[in-house]
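What follows is the residue order along each chain.
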Amino acid sequence: MNVTIFSSEHELNEAAAQLIAGLVIAKPDAVLGLATGSTPIGIYRELRRAYERNIVSFRRVRTFNLDEYVGLGENHPQSYRHYMNEHLFRHVDVPPENIHIPDGTAADLAEECRRYDRLLDQAGPIDLQLLGIGHNGHIGFNEPNGELASRTHVTELNAQTRNANARFFQTMDEVPTHAITMGVGDILKAKTVVLVAKGADKADILCRALTGPITTDCPASLLQTHPHLIVLADAEAGRLLR
Ligand code: GLP
C-alpha cells in the first residue's frame, strides 16, 4: 500500500490526474475503472485540462464505471451516466462505444449485471480502478454486510448511504433505493487501485479501512489485500493516518 497525504485538494487532484494520464500515455488502450461522487470531480477537471493541452488522448481508452442508480437514465441529472458525461466524457475524445456504465433502466436488471460482467471479462482486467469511499466504508455501492458479492449485482442502498446522497435530490423520496454495482471481486481484480479520500468526514472511515481489521462490515478494508493499492488523501481525510 502506498499512501500519500496532500496539503491541498488541488495537489491531490493533479497527482491523481497525472497517474491516470500517465497510464494512458504509456498504454493508450488502457482500461479505466471510473468512479462518481463528489470526490473525483476535481480529478476529472484536471484530466480535461490535460486533454485540452494535448497532453493525453482518450481515443483508444475503454472505461467501466463502478455503479449506477436503478431507475435513473442518462437524462436524469443525478444518474451516474449524466455525471460522467458532464464531468468528463463530453469534453474528451473517448469514443461512446468504449464507454461502459451499468444501465439502471434495463428491463431485466439481472441480465444487465451479467452483460456488464461479460464486457468486463472481455476487456479486463481493469488497468487502473479509481475509487472513492463511502462514510460507511462502501466502495462502488458495495454496502457493509455479512457477505459481499464478488461480481456485478443489484444492491439495496442502506439508510446512511441514501442520507449521504440525499443532498443531490430534492426530496428523500427521490433518492433511489437500489443500484447496480460492480462487485468487490471485480474491483480487486484491477491491476492498480487508486483510492481517493477528501475531507474531515472521511478521516475515521479511511483510517478504519486501511488500518483496521479486514471485514465485510467495512468493504473498503478488503483493499488492504490488494497488491497495488495507491491511497491519495487530503490532509483532513488523512489526519488519522499520520
Ligand atoms: C457514492 C458512490 C461511491 C462513492 C461514495 C462517496 O454513493 N457510489 O462510488 O465513492 O458514495 O461519495 P463522495 O465522493 O460524494 O463522498
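Conventions used here
Residues numbered from 1 in each chain as written. Predicted model: local features only at pLDDT ≥ 70, side-chain atom pairs only at ≥ 80, totals over all residues. Heavy atoms only, no water. Helix = DSSP H or I, 4+ residues; strand = E, 2+ residues; numbered from the N terminus. Contact = heavy atoms within 4.5 Å. Buried < 20%, exposed > 50% of the residue type's maximum accessible area, 1.4 Å probe, protein only. Pairing = 2+ DSSP bridges. Near = heavy atom within 4 Å. Polar contact = N/O pair within 3.5 Å; in protein donor to acceptor, adjacent residues only side chain to side chain. Areas by Shrake-Rupley, 256 points an atom, 1.4 Å probe, with all protein chains shown as cover. Nonpolar A, V, L, I, M, F, W, Y, C, P; charged D, E, K, R; others polar. Expected span 1.5 Å × (residues − 1). Arc of directions from axis to C-beta. Phe/Tyr/Trp six-rings, centres within 6.5 Å; stacked < 30°, edge-to-face > 60°.

**Q** For this particular structure, what's the right way to read the environment of P125?
**A** For P125, the position within the fold is in the loop between α4 (109-123) and β6 (128-131). Between the C-alpha atoms of P125 and T192, which are 67 residues apart in sequence, the distance is 9.9 Å. When residues no more than four places from it in sequence are discounted, the contact partners of P125 are V31, K189 and K191.

**Q** Looking at this structure, I do not really get the pairing of β6. What am I missing?
**A** For a regular strand, the rule is simple: side chains alternate between the two faces of the sheet. On β6, burial covers both faces: L128 and L130 on one face and Q129 and L131 on the other are all buried. As judged from the two bridges shared by strand β2 (residues 31-34) and β6, these two strands associate in the parallel manner. Across the sheet, the residue bridging to L32 is L128, located in β6. In terms of strand pairing, β6 meets strand β9 (residues 192-197) through four bridges, oriented parallel. Within β9, the position partnered with L131 by the bridge is L195.

**Q** Explain the site of the ligand to me, please; I cannot follow it from the model alone.
**A** Taken together, 13 residues lie near the ligand, and S38, T39, D67, N165 and K202 sit nearest. At 2.6 Å from an oxygen atom of the ligand is found a side-chain nitrogen or oxygen belonging to K202. Contact with the protein chains hides 95% of the accessible area of the ligand, taken as 390 Å² for the molecule alone. By residue class, the composition of the shell around the ligand is three nonpolar, seven polar and three charged.

**Q** Would you mind going over helix α1 (residues 9-26) with me for this structure?
**A** Owing to its 3.6 residues per turn, the α-helix aligns residues three or four sequence positions apart on the same side. Along its 18 residues, α1 runs 26 Å from first to last C-alpha, staying within 8% of the 26 Å computed at 1.5 Å per residue. Among the residues making up α1, those that are buried are L12, N13, A16, A17, I20, A21, L23 and V24. Projected down its long axis, α1 shows its buried positions confined to an angular sector of 155°, all on one face. Residues Q18 and A26 are exposed on α1 and point more than 90 degrees away from its buried face.

**Q** I tried to follow the packing of aromatic side chains on my own but got confused; where do I start?
**A** Each aromatic ring pair is described using two quantities: the centre-to-centre distance and the angle formed by the ring planes. Scanning the model with the defined rule gives seven aromatic pairs in all. Relative to F141, the ring of Y69 lies with its centre 5.6 Å away and its plane at 45°, an arrangement referred to as tilted. Of this pair, Y69 sits in strand β4 (residues 67-69) while F141 sits in the loop between β6 and β7 (153-156), and the two are 72 residues apart along the sequence. Judged by its relative accessible area of 2%, Y69 falls in the buried class.

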